[in-house]
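Now for the letters of each chain:
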Amino acid sequence: MKLNYSGQEHVKAPPAAVWAFVQDPERVARCLPDVQEVVVHDQTHMDATVQVGVGMVRGKFKFKIEVLPDEAANRVNVKVQGGGLGSVVDLTAGANIVDNGDGTTTLDWTGDATMRGPVATVGGRVLDAQAQKLIEKTFQNMSAQVGASAGTLA
């Protein structure tokens, strides 16, 4: 099953605060909803264990995450691979980091996911809606954390 998403998140912090945040893999991983454990390997690679529930299918998924900030291109890309419960997830997401010129930043994000296994057979609409919520919540969490940390720096 292939899924595609896009959206925007308004961050109440300047782009410099966003760049500082996305270069800290532990903080980025903590933005995933229902994250239980994060193991950071280096500046761009980490593993995360996340509690997942889609319909009647519930359990832990383990993911390998690669965060690739590219400040020169004003973009951060994220690759997520892993799964659980006999299912496999491959996700490529990215966000253009847009300076609004007023001390705030907009993240224009997109994501493409491929899912295989029991979770994908739960039902396209349930899975599609749940995946959209998870991606949106991740960017909302990031926005809130960046805004909070920028507020403490001011």
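The notes below deal with the structure included here. (Residues numbered from 1 in each chain as written. Predicted model: local features only at pLDDT ≥ 70, side-chain atom pairs only at ≥ 80, totals over all residues. Heavy atoms only, no water.)

### Things to note about the packing of aromatic side chains
Phase 1 of the analysis: Counted by the stated rule, this structure contains 2 aromatic pairs.
Phase 2 of the analysis: Here Trp 109 and Phe 139 contribute two aromatic rings whose centre-to-centre distance is 5.1 Å and whose plane-to-plane angle is 15 degrees, an arrangement assigned as stacked. Highlighted residues: Trp 109 in strand S7 (residues 105-116) and Phe 139 in helix H4 (residues 124-153), separated in sequence by 30 residues.
Phase 3 of the analysis: Classification of Trp 109 as buried rests on a relative accessible area of 3%.
Phase 4 of the analysis: For Phe 139, a relative accessible area of 11% translates into the label buried. (Phe/Tyr/Trp six-rings, centres within 6.5 Å; stacked < 30°, edge-to-face > 60°. Helix = DSSP H or I, 4+ residues; strand = E, 2+ residues; numbered from the N terminus. Buried < 20%, exposed > 50% of the residue type's maximum accessible area, 1.4 Å probe, protein only.)

### Details of the pattern of salt bridges
Phase 1 of the analysis: Applying the stated rule across the entire model yields 2 salt bridges.
Phase 2 of the analysis: One salt bridge in this structure joins Asp 90 and Arg 116, with 3.5 Å as the shortest N-O distance. With a gap of 26 residues between them, Asp 90 in strand S6 (residues 87-99) and Arg 116 in strand S7 connect regions that are remote in the sequence.
Phase 3 of the analysis: Look at Asp 90 and you get partly exposed, because its relative accessible area is 25%.
Phase 4 of the analysis: Take Arg 116: its relative accessible area is 41%, and that puts it in the partly exposed class. (Salt bridge = Lys/Arg side-chain N within 4 Å of Asp/Glu carboxyl O.)

### Regarding the pairing of S6
Phase 1 of the analysis: As defined by bridge partners, strand S5 (residues 75-84) adjoins S6 across 10 bridges and the pair is classed as antiparallel. In the sheet register, Val 76 faces S6, and the bridge partner there is Ala 95.
Phase 2 of the analysis: Taking the residues between adjacent antiparallel strands as the criterion, S5 and S6 are bridged by 2 residues, where Leu 85 takes a positive phi near 55 degrees.
Phase 3 of the analysis: Between S6 and the antiparallel strand that follows it, S7, lie 5 residues; Gly 101 among them carries a positive phi value of about 80 degrees. (Pairing = 2+ DSSP bridges.)

### Description of the nonpolar core
Phase 1 of the analysis: If you look at the biggest cluster of nonpolar residues, it comprises 38 residues, and the most contacted ones within it are Val 18, Leu 107, Met 142 and Val 146.
Phase 2 of the analysis: In terms of residues, this core owes the most to one element, H4, which gives 6 residues.
Phase 3 of the analysis: When residues no more than four places from it in sequence are discounted, the contact partners of Val 146 are Val 11, Ala 13, Ala 17, Val 18 and Phe 21. (Core = buried A, V, L, I, M, F, W, Y, C linked by side-chain atoms within 4.5 Å. Contact = heavy atoms within 4.5 Å.)

### Structural notes on helix H1 (residues 15-22)
Phase 1 of the analysis: Within H1, 6 of the 8 residues are buried, leaving the element largely enclosed by the surrounding structure.
Phase 2 of the analysis: Among all positions in H1, only Pro 15, Ala 17, Val 18, Trp 19, Phe 21 and Val 22 are buried.

### A few points about unusual backbone geometry
Excluding glycine, residues mostly carry a negative phi; peptide bonds, for their part, are mostly trans.
Phase 1 of the analysis: Positive phi values are uncommon outside glycine, yet Asn 74 reaches one of about 55 degrees.
Phase 2 of the analysis: Among the structural elements, Asn 74 can be located in the loop between strand S4 (57-70) and S5.

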